[in-house]
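Overview (structure and organization)
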Amino acid sequence: MIYDSRTLDEGMRLEADLCVIGGGAAAIAMTQRLAGAAMKVCILESGGKGLEKETQALSNGEASGIPYFDLIDTRYRMLGGSTHRWGARGAPMVDIDFRKRPWVPMSGWPISGEDLAEYYPAVQKLVGHHNPFHYHGAVWDEFDAAPPKINEDILHYSAFQFGKNVLLGEHNEAAIKDAPNIHLYLHANVTALECAEKPNHLDHVKVKTLSGKAFSVKAKTYVLASGGIENPRLLLLSDSLNSDGLCNERDHVGRYFMEHPTLSAGTIKAKDKQSLVDIFSPGLVDGRLVEVGLALSEKVQEETQSLNAIASAKVVVTQDSTQALRELMWNLRHRRMPQQLNWYYKNKWLMERLTAIAKDPFGIVANIYRHQMGKPKRFNVDSVYLEIRTEQAPNPDSRVTLSHSKDALGLRRGHLHWAMIQQDKTTMQVTARLFDAELKRLELGELEMESWLMSNDLTWSPEMVGGHHHMGTTRMADSAAKGVVDGNCRTHAVDNLYIAGSSVFPTSSYVNPTFTILALAMRLADHLKSQVT
């Protein structure tokens, strides 16, 4: 059932067996396992069914360190959360991502990949991924093509697929509405987690709407599922018993913020640009787009003291009709096209794309046909560059704290300081050099490396971005000395508070985090069901 919190009575107290704070991907995955269970579930979502300007403004914050996105644009407050702007690109982490690696301080999860593997089919169904699917070199068995035979002691093929169920909120709204034991409250902004008399037991959460109406929720168990910035922010704001915040006795909350640094390592001079690009975009499997990259082998990671990383060839296209249409459709879909008519008359960006479409409409038709046949598209390629995406080393100086500025609810905003260390840059350098060496060995081309990447100081490309992936700020560890939650995602300090989402990741791999977020959330839901007596 779905309710609007603005219709509740002032001062009302709701009661439930389980209270989930946040209505994004993790919460939706939990509803898949909890619907029909013998427990009353209350879900508190800050936003509505769609994006609302006033609510979205609550995500604003400050940033320092390595240049980052505006925080207001990197997370979305609405049912389905940031799947509002998501391509459903996914793959599971690999074994080394979970293991303790002596050359990666703070590495090692208290669970293994096997603990999550049983949930992968359910994740694939939820997202609309093809199943079965090979997330490694065997993916090529699906295509009428053979990839170059790379040296697998150095690099190996790693595959991703894109799902069909992109908007998880919209896709699962009816199921949530029909579940008698699930009660979803929209426009419900949690302002504090209150422990009352016992500092190790959560008593209730305070909630407020932007219209000023206040109420509370009392439950037996709570799950904080609001994202890698908002999760630590809410814990830090909950300081009624401890000025350092809730679950922060060891000063771990907010630390170890990780992203997936994504960058151009340089231009690839290729003999056949299209053939090179086809290696990394082989086509579709059952209507799902597949991407392939070359990842560092475990042997290389250990020998070079590197993190996990992946690289692929990407195209630069400025005059291609298909790409121009894709960009227009993306902006329309995400409501990035203004409604003022004068914008359409004068905007250079729009005119350039309309001109490209008008010059080659048959290129679009040809690519639609290729898409239907499951083959890679053909573009009018300007150039090809090497894109690298890396795991980020856990770094206590990369962190979320509280700003002095306040939001519309009177709460201190979040402040993100993104910082990386030498090991991060070494990983980028190793990946670029080994990819270049394989290009030359296979006579496919060579890499002209960016000058900033060749320096050994902490200089970063001004074009380097993250993936809007916020990880590590309430990390999982086997003891309170090392992290905030245990292997079941329960906080070490509070016996009835759990945390869901990528904020619990001890390390980040290079894969998009949502696949693992969903599997962890389903596992957590099953654990909570097993606790019902």
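This text follows the structure it describes.
Residues numbered from 1 in each chain as written. Predicted model: local features only at pLDDT ≥ 70, side-chain atom pairs only at ≥ 80, totals over all residues. Heavy atoms only, no water.

**Brief notes about the packing of helix 1 (residues 25–34) against helix 6 (residues 168–178)**
The cut-off we apply is this: Interaxial angle, 0 to 180 degrees, is taken between N-to-C directions of lines fitted to C-alpha atoms, where a helix line uses only the stretch in contact. A run of H or I in DSSP becomes a helix once it reaches four residues, and a run of E becomes a strand once it reaches two; helices and strands are each numbered from the N terminus. By convention, the crossing between two helices is left-handed when the near helix turns anticlockwise from the far helix through less than a right angle, and right-handed when the turn is clockwise. The contact rule is simple, with two residues in contact once any of their heavy atoms fall within 4.5 Å. Three categories are distinguished: nonpolar for Ala, Val, Leu, Ile, Met, Phe, Trp, Tyr, Cys and Pro, charged for Asp, Glu, Lys and Arg, and polar for the others, with Gly belonging to the last.
At a minimum axis distance of 11 Å, the contact between helix 1 and helix 6 shows a crossing angle of 35°. Every pair of crossing elements has a handedness; the one defined by helix 1 and helix 6 is left-handed. Between helix 1, through Ala 25, Ile 28, Thr 31 and Gln 32, and helix 6, the contact on the second element is made entirely by Leu 168, Gly 169, Asn 172 and Ile 176. Class assignment of the residues belonging to the contact of helix 1 with helix 6 gives a composition of four nonpolar, four polar and no charged.

**Structural notes on the sheet that holds strand 17 (residues 412–418)**
What counts here: At least two bridges found by DSSP between two strands is the condition for calling them paired.
Taken in spatial order, the three strands of this open sheet run 4-17-16, and their pairing is mixed. The open sheet has two free edges, formed respectively by strand 4 (62–65) and strand 16 (399–406), since each of these has just one partner strand. When strand polarity is set aside, the average angle formed by the axes of neighbouring strands in this sheet is 30°. The pairing of strand 4 with strand 17 spans four bridges and is parallel. Within strand 17, the residue paired with Gly 65 across the bridge is Trp 418. Those strands touched by helix 7 (residues 230–237) are strand 16 and strand 17, and its axis lies near 65° from that of strand 16.

**Considering the pattern of salt bridges**
Operational definition: The salt bridge definition used is simple: a Lys or Arg side-chain nitrogen within 4 Å of an Asp or Glu carboxyl oxygen. For each residue, the accessible area found with a 1.4 Å probe, counting protein chains only, is set against the maximum for its type, and the residue is called buried under 20%, exposed over 50%, and partly exposed in between.
Counted under the stated rule, the structure contains 20 salt bridges. Its salt-bridge partner being Arg 255, residue Asp 251 comes within 2.7 Å of it at the nearest N-O pair. We note a salt bridge from Asp 436 to Lys 440, for which the minimum N-O separation is 3.1 Å. One end of the pair is Asp 436 and the other is Lys 440, both in helix 14 (residues 422–441) and four residues apart, which spans about a single turn. A residue is classified by how much of its surface remains accessible, and Asp 436, at 12% relative accessible area, is buried. Residue Lys 440 is classed as partly exposed on the basis of its relative accessible area of 45%.

**Here we look at helix 6**
The condition is simple: As used here, the arc is the angular range of directions from the helix axis to the C-beta atoms.
All buried positions along helix 6 are accounted for by Leu 168, Gly 169, Asn 172 and Ile 176. Burial along helix 6 is one-sided: seen end-on, the buried residues are contained in an arc of 90°. Exposed residues on helix 6 whose side chains face more than 90 degrees from its buried face are Glu 170 and Asp 178. Turning to helix 6, the residues buried within the fold contact strand 1 (2–4), helix 1, helix 5 (120–127), strand 7 (182–186) and helix 16 (514–530).

**What to know about helix 8 (residues 273–280)**
Keep this limit in mind: A 3.5 Å cut-off defines polar contacts: any pair of N or O atoms within that distance qualifies, except that in protein one atom must be a possible hydrogen donor and the other a possible acceptor, and neighbouring residues in sequence count only when both atoms are side-chain atoms.
Along helix 8, six of the eight residues are buried, which leaves the element largely enclosed by surrounding structure. Along helix 8, the residues that are buried comprise Gln 274, Leu 276, Val 277, Asp 278, Ile 279 and Phe 280. Looking at the buried positions of helix 8, the neighbouring elements they touch are strand 6 (155–162), strand 11 (262–270), strand 13 (288–296), strand 14 (309–316), strand 15 (383–390) and helix 14. Looking at where helix 8 begins, the residue whose side-chain oxygen comes 3.3 Å from the main-chain nitrogen of Gln 274 is Asp 272.

**A look at the state of the cysteines**
Two cysteines joined by a covalent bond between their sulfur atoms form a disulfide. As a reminder, the rule being used: By disulfide we mean two sulfur atoms from cysteines, separated by a distance within 2.5 Å.
A complete count under the given rule lists zero disulfides for this structure. Of all cysteine sulfurs in the structure, the one in Cys 42 sits closest to Cys 19, which takes part in no disulfide; the separation is 4.7 Å. Using a relative accessible area of 0% as the deciding quantity, one classes Cys 19 as buried.

**Remarks on the packing of aromatic side chains**
Any two aromatic rings considered together are summarised by their centre-to-centre distance and by the angle between their planes. Test applied: A pair of Phe, Tyr and Trp rings is counted when the ring centres sit within 6.5 Å of each other, with Trp represented by its six-membered ring. The angle between the planes then sorts it: under 30 degrees is stacked, over 60 is edge-to-face, the rest tilted.
This structure, assessed with the given rule, holds 13 aromatic pairs. Between Tyr 3 and Tyr 185, the aromatic rings sit 4.8 Å apart at their centres with planes inclined by 20°, giving stacked as the arrangement. Here Tyr 3, found in strand 1, pairs with Tyr 185, found in strand 7; they are 182 residues apart in sequence, far enough to count as distant. The class for Tyr 185 is buried, based on a relative accessible area of 8%.

**Topic: the packing of helix 5 against helix 16**
Applied cut-off: Our angle categories are set so that under 35 degrees counts as roughly parallel, over 145 as roughly antiparallel, 65 to 115 as roughly perpendicular, and the remainder as oblique.
Between helix 5 and helix 16, the least distance of the axes is 9 Å, while the angle of their chain directions is 120°. In terms of orientation, helix 5 lies oblique with respect to helix 16. As helix 5 packs across helix 16, the resulting crossing turns out to be right-handed. For the pair helix 5 and helix 16, the contacting residues are Tyr 120, Ala 122, Val 123, Gln 124, Leu 126 and Val 127 in the first and Phe 515, Leu 518, Ala 519 and Met 522 in the second. The residue makeup of the contact of helix 5 with helix 16, split by class, is nine nonpolar, one polar and no charged.

**Digging into unusual backbone geometry**
Residue Pro 132 is reached from Asn 131 by a cis peptide bond, and omega for that bond is 5°. With respect to the element layout, Pro 132 can be found in the loop between helix 5 and strand 6. Phi angles above zero are rare outside glycine, and Met 106 is one such case at about 75°. Along the chain, the position of Met 106 falls in the loop between helix 3 (95–98) and helix 4 (114–117). Positive phi outside glycine occurs at Glu 443, with the angle close to 55°.

**Here we look at a negative patch on the surface**
Applicable threshold: Within the patch definition used here, like charges are joined within 9 Å and nonpolar side chains (Val, Leu, Ile, Met, Phe, Trp, Tyr) within 5 Å, considering only residues with over 30% relative accessible area and no salt bridge. For the accessible areas, the method is Shrake-Rupley and the probe is 1.4 Å, while residue cover comes only from the protein chains on display. We score Asp and Glu as negative and Lys and Arg as positive, and we do not count His or the chain ends. Lysine's charge is taken at NZ, arginine's at CZ, aspartate's at CG and glutamate's at CD.
On the surface, Asp 95, Glu 114, Asp 115 and Glu 118 cluster together to form a negatively charged patch. Tracing the backbone through its elements, the reader meets Asp 95 in helix 3.

**Looking at the nonpolar core**
Most often, soluble globular proteins keep nonpolar side chains buried together rather than apart. How we decide: Nonpolar core, defined: a set of buried Ala, Val, Leu, Ile, Met, Phe, Trp, Tyr and Cys residues in which side-chain atoms within 4.5 Å join the residues together.
Formed by 143 residues in total, the largest nonpolar core has its most connected members in Met 30, Leu 44, Leu 193, Val 205, Val 223, Ile 268 and Leu 497. With 10 residues, helix 16 is the largest single contributor of residues to this core. If sequence neighbours within four positions are ignored, Met 30 has contacts with Leu 18, Val 20, Val 223, Ala 521, Leu 524, Ala 525 and Leu 528. Among the nonpolar cores identified, the runner-up in size contains five residues, and Ile 96, Trp 103, Leu 307 and Ala 393 belong to it.

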